[in-house]
2 protein chains.
Amino acid sequence: MRRVTTRSKEATHERIVETAARAIRRSGYDGTSVADIMKEAGLTHGGFYAHFLSREAMLAEAADRAGAEAVALSTHIAATAPPDEALQCMVRAYLSKEHLENAEMGCPVAALGSEMPRQAPEVRKAATRRIKEMIDVIARQSPDWGQPGAHQQALVTAATMVGTMVMARAVDDPKLSDALLEAALDHLAPA
Amino acid sequence: MRRVTTRSKEATHERIVETAARAIRRSGYDGTSVADIMKEAGLTHGGFYAHFLSREAMLAEAADRAGAEAVALSTHIAATAPPDEALQCMVRAYLSKEHLENAEMGCPVAALGSEMPRQAPEVRKAATRRIKEMIDVIARQSPDWGQPGAHQQALVTAATMVGTMVMARAVDDPKLSDALLEAALDHLAPA
DNA sequence: AAACAAATATGATGATCATCATATGAGACG
DNA sequence: CGTCTCATATGATGATCATCATATTTGTTT
């Protein structure tokens, strides 16, 4: 097997992290092996440790990447929405069928939340930082941003969105999934 | 190693399921091996397949058991609370520090939610049934039980509780965990 | 007490895993 | 064109895993 073209080590590292950021959301931390990721990135398993100190270090980078992408997407949605509908647009994108069916590209908290408590400190640290960023993005869309209750309200909104998506993906009854999304939409972003 | 006393096969089966119901909430589906569970139940790994057709079949029983226990506990809390405070009592028990720190004995949706989409059909089926039961328990505590919006409201309440617990356990910052619990308590069970 | 049946233990198999040592081959530079 | 360096590949190691075949032990029956 021959390298198709010259690639700097950094570009390859980048590609592995990007691949891993998708793989962990699809298969979970425990369900993602080093060999899986390398193969999906078009490489063999052996070169892995030229790029990362350990599997855990790679998971930390992947989790950070997934979180950064989610924050960036939310920020973009808020920025391009009509000024008084930013929060509604974010909530509607989050609680959409596309997000339900595309965990691999979606919110890493919904995809990996219940696995987080068992992860290495470096993984949890990166995740916590991104979660705080996400909460801030939500808080900034509140009509009373800056007032005392806005941040508290953002915590509840974030938790409701995450819990709804986790439950809607967990159950095997599409009707219940729909009902969960609809109920949360009515609650968080009334028509 | 000698069995201490006579035990019927059914009692041993029971003990394995009970052990597994705790183990999966502590270590996740993927993080729990057959040998782990058998050792924790005081047995060796070899006898496992005298009790279960497969590892997956055992996980389904364990998930069902964990869900049944959670439903039973919630029902009990609601039944023994002052009549007009049943929902508040349930929410306060759920969003407590004891629950935060005792995933192994707590809500299986919060402990395993994001691993559910990848589980065997039998596991998801059992979990879905128990989740529906739990939503019904919540809906019954609503002041307007029976009216059209009560069930919808129960879906949102359940999702908010689950999401809050998942996030509070995920982050490595105890201040943020506290803030999440407090914000959801204020929202769902105001003092 | 001897023998049987059922429950559990011992041990093996082949697969998969993280990690590492070493080989190969491609681009850069003389 | 030849050589050197570095990114990646090949292959090995020891651990862990689910599953199963077989041995052992226990409680029971005679």
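Residues numbered from 1 in each chain as written. Chains lettered and ligands numbered in written order. Predicted model: local features only at pLDDT ≥ 70, side-chain atom pairs only at ≥ 80, totals over all residues. Heavy atoms only, no water.

Draft legend 1. Spatial organisation of the protein's contact with DNA strand D. Around DNA strand D lies a shell of 22 residues, among which Thr12, His45 and His51 of chain A together with Tyr49 and Arg55 of chain B are the nearest. Backbone atoms, meaning sugar and phosphate, form 73% of the atoms of DNA strand D found within 4 Å of the protein. Contact between DNA strand D and valine 34 of chain B: a phosphate oxygen at 3.0 Å from a main-chain N or O atom of the residue. Taking arginine 55 of chain B, its side chain carries an N or O atom lying 2.8 Å from a phosphate oxygen of DNA strand D. Class assignment of the residues belonging to the surface near DNA strand D gives a composition of 5 nonpolar, 12 polar and 5 charged. (Near = heavy atom within 4 Å. Polar contact = N/O pair within 3.5 Å; in protein donor to acceptor, adjacent residues only side chain to side chain. Nonpolar A, V, L, I, M, F, W, Y, C, P; charged D, E, K, R; others polar.)

Draft legend 2. Structural view of the nonpolar core. Met167 of chain A together with Met167 of chain B are the most contacted members of the largest nonpolar core, which has 78 residues in total. In this structure, methionine 167 of chain A is in contact with Leu180 of chain A together with Val109, Ile131, Ile135, Ala158, Ala159 and Val162 of chain B, ignoring residues within four places of it in sequence. (Core = buried A, V, L, I, M, F, W, Y, C linked by side-chain atoms within 4.5 Å. Buried < 20%, exposed > 50% of the residue type's maximum accessible area, 1.4 Å probe, protein only. Contact = heavy atoms within 4.5 Å.)

Draft legend 3. Representation of the UniProt feature "DNA-binding region" (unreviewed entry) in chain A within the structure. Mapped onto this structure's residue numbering, the UniProt feature "DNA-binding region" (unreviewed entry) falls at residues 33–52 of chain A. Across residues 33–52 of chain A one finds 35% helix and 0% strand; the C-alpha atoms that close the span lie 14 Å apart. (UniProt positions renumbered as here; feature names shortened; annotations may be inferred. Helix = DSSP H or I, 4+ residues; strand = E, 2+ residues; numbered from the N terminus.)

Draft legend 4. Representation of the pattern of salt bridges. What the rule picks out here adds up to 24 salt bridges over all chains. In this structure, the salt-bridge partner of glutamate 14 of chain A is arginine 65 of chain A, at a minimum N-O distance of 3.1 Å. You can see glutamate 14 of chain A sitting in helix H1 (residues 9–27) and its partner arginine 65 of chain A sitting in helix H3 (residues 55–80), a full 51 residues away along the chain. Judged by relative accessible area, which is 39%, glutamate 14 of chain A ranks as partly exposed. In this structure, the salt-bridge partner of lysine 132 of chain B is aspartate 173 of chain A, at a minimum N-O distance of 2.8 Å. Placement of lysine 132 of chain B in helix H7 (residues 121–140) and of aspartate 173 of chain A in the loop between helix H8 (148–170) and helix H9 (174–188) is noted, with the two residues assigned to different chains. For lysine 132 of chain B, a relative accessible area of 35% translates into the label partly exposed. Each of Arg22, Arg26, Glu40 and Glu104 of chain A takes part in a single network of salt bridges with overlapping partners. (Salt bridge = Lys/Arg side-chain N within 4 Å of Asp/Glu carboxyl O.)

Draft legend 5. Structural context of the side chain of threonine 164 of chain A. Inspection of the secondary structure assignment puts threonine 164 of chain A in helix H8. Of note is the side chain of threonine 164 of chain A, whose polar atom sits 2.7 Å from the backbone oxygen of threonine 160 of chain A. Not counting residues within four places of it along the chain, the set of residues in contact with threonine 164 of chain A comprises Leu95, Leu180, Leu181 and Ala184 of chain A together with Ala159 of chain B.

Draft legend 6. Here's a closer look at the interface of chain B and chain A. The partner chain A presents 46 residues to the 46 residues of chain B that form the contact. Counting each side, the surface lost to burial between chain B and chain A is near 3700 Å², with a carbon and sulfur contribution of 64%. Looking only at chain B, the three residues that lose the most surface to chain A are Ser114, Arg118 and Met167 of chain B, adding up to 15% of its buried area. Inspection of the region where chain B meets chain A yields 4 salt bridges. Inspection of the chain B/chain A interface yields 18 residue pairs in polar contact (both at pLDDT 80 or more). Broken down by secondary-structure element, the contributors of at least two residues to the side of chain B that touches chain A are helix H1 (9–27), helix H6 (108–112), H7, helix H8 (148–170) and helix H9 (174–188) of chain B. At 14 residues, the largest contribution of residues to the side of chain B that touches chain A is made by H8 of chain B. Across the side of chain B that touches chain A, the residue classes break down as 23 nonpolar, 12 polar and 11 charged. (Buried area = accessible area lost by both parts, 1.4 Å probe.)

Draft legend 7. Inspection of the packing of aromatic side chains at higher detail. The final tally for this structure, using the stated rule, is 4 aromatic pairs over all chains. Both rings, one in phenylalanine 48 of chain B and one in tyrosine 49 of chain B, keep their centres 4.8 Å apart while their planes meet at 75 degrees; by these two values the pair is edge-to-face. For tyrosine 49 of chain B, a relative accessible area of 52% translates into the label exposed. An aromatic cluster of at least three residues, connected via ring pairs, comprises Phe48, Tyr49 and Phe52 of chain A. (Phe/Tyr/Trp six-rings, centres within 6.5 Å; stacked < 30°, edge-to-face > 60°.)

Draft legend 8. The arrangement of the UniProt feature "domain: HTH tetR-type" (unreviewed entry) in chain A in detail. The sites that carry the UniProt feature "domain: HTH tetR-type" (unreviewed entry) are, in the present numbering, residues 10–70 of chain A. With 67% helix and 0% strand, residues 10–70 of chain A has its two end C-alpha atoms placed 23 Å apart.

Draft legend 9. Fine view of the side chain of threonine 128 of chain B. With respect to the helices and strands, threonine 128 of chain B occurs in helix H7. Sequence-distant contacts of threonine 128 of chain B, that is, excluding residues within four places in its chain, are made with Val171, Asp172, Asp173 and Leu176 of chain A.

Draft legend 10. View of the relation of the copies chain B and chain A. Turning chain B through 180 degrees and shifting it by 0.0 Å along the axis lays it on chain A, with an RMSD of 0.0 Å. The two molecules are tied by a two-fold rotation axis, judged by turn and shift. A share of 100% of interface residues in chain B that are also interface residues in chain A marks the association as one of identical surfaces. (Least-squares fit on C-alpha atoms with pLDDT ≥ 70 in both.)

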